[in-house]
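Read off the chains here:
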Amino acid sequence: MISQDKAFLERLRILKDKSGMTTKQIADRCGIPESTVTRIFSGKTPNPTIISVMAITKAMGGTAADIFDDNAQVNTQLKVPQVVVSDMEQKN
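Residues numbered from 1 in each chain as written. Predicted model: local features only at pLDDT ≥ 70, side-chain atom pairs only at ≥ 80, totals over all residues. Heavy atoms only, no water.

### Considerations on helix 3 (residues 34-42)
Those residues of helix 3 that fall on the buried side of the exposure criterion are T36, V37, I40 and F41. Buried residues along helix 3 cover an arc of 130 degrees about the axis, so they all sit on one side. Residue G43 follows helix 3 closely and has a positive phi angle near 85 degrees. (Buried < 20%, exposed > 50% of the residue type's maximum accessible area, 1.4 Å probe, protein only. Helix = DSSP H or I, 4+ residues; strand = E, 2+ residues; numbered from the N terminus. Arc of directions from axis to C-beta.)

See below:
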């Protein structure tokens, strides 16, 4: 299991990969400077604001659950990261 901070960042990166968007496209769409978006994705901004994270997430077509859902776990064993949903959530 990875730490919450790393899981959050990994989920953000997964959403970026799934969106197929570049950092510039995300920045343009959410109105946040590209340098800030780049620092967030690289982990150089250790505590980004929730407003920035949600703006970036929405720009990529995601929701808060995509990033902050405690029931989702990031599978780091795969070459291509993907979110693994717990068995309980799959039954619902």
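Past the structure itself, the notes keep going.
### Topic: the confidence of the model for the protein chain
Counting all residues, the mean pLDDT for the protein chain is 78, and 70% of those residues have values of 70 or more. Scored below 50 in pLDDT, residues 73-92 shows 26 contacts in the model against residues more than four places distant or in partner chains. (pLDDT = per-residue confidence, 0-100. Contact = heavy atoms within 4.5 Å.)

### Structural notes on the side chain of T57
Structurally, T57 is set in helix 4 (residues 50-59). The exposure class of T57 is buried, given its relative accessible area of 0%.

### Side note on a nonpolar patch on the surface
Together, I50, I51 and F68 make up an exposed nonpolar region whose accessible area comes to about 310 Å². By the secondary structure assignment, I51 is in helix 4. When its relative accessible area of 66% is taken as the criterion, I51 is described as exposed. (Patch = residues over 30% accessible without salt bridge, like charges linked within 9 Å, V, L, I, M, F, W, Y side chains within 5 Å. Areas by Shrake-Rupley, 256 points an atom, 1.4 Å probe, with all protein chains shown as cover. Salt bridge = Lys/Arg side-chain N within 4 Å of Asp/Glu carboxyl O.)

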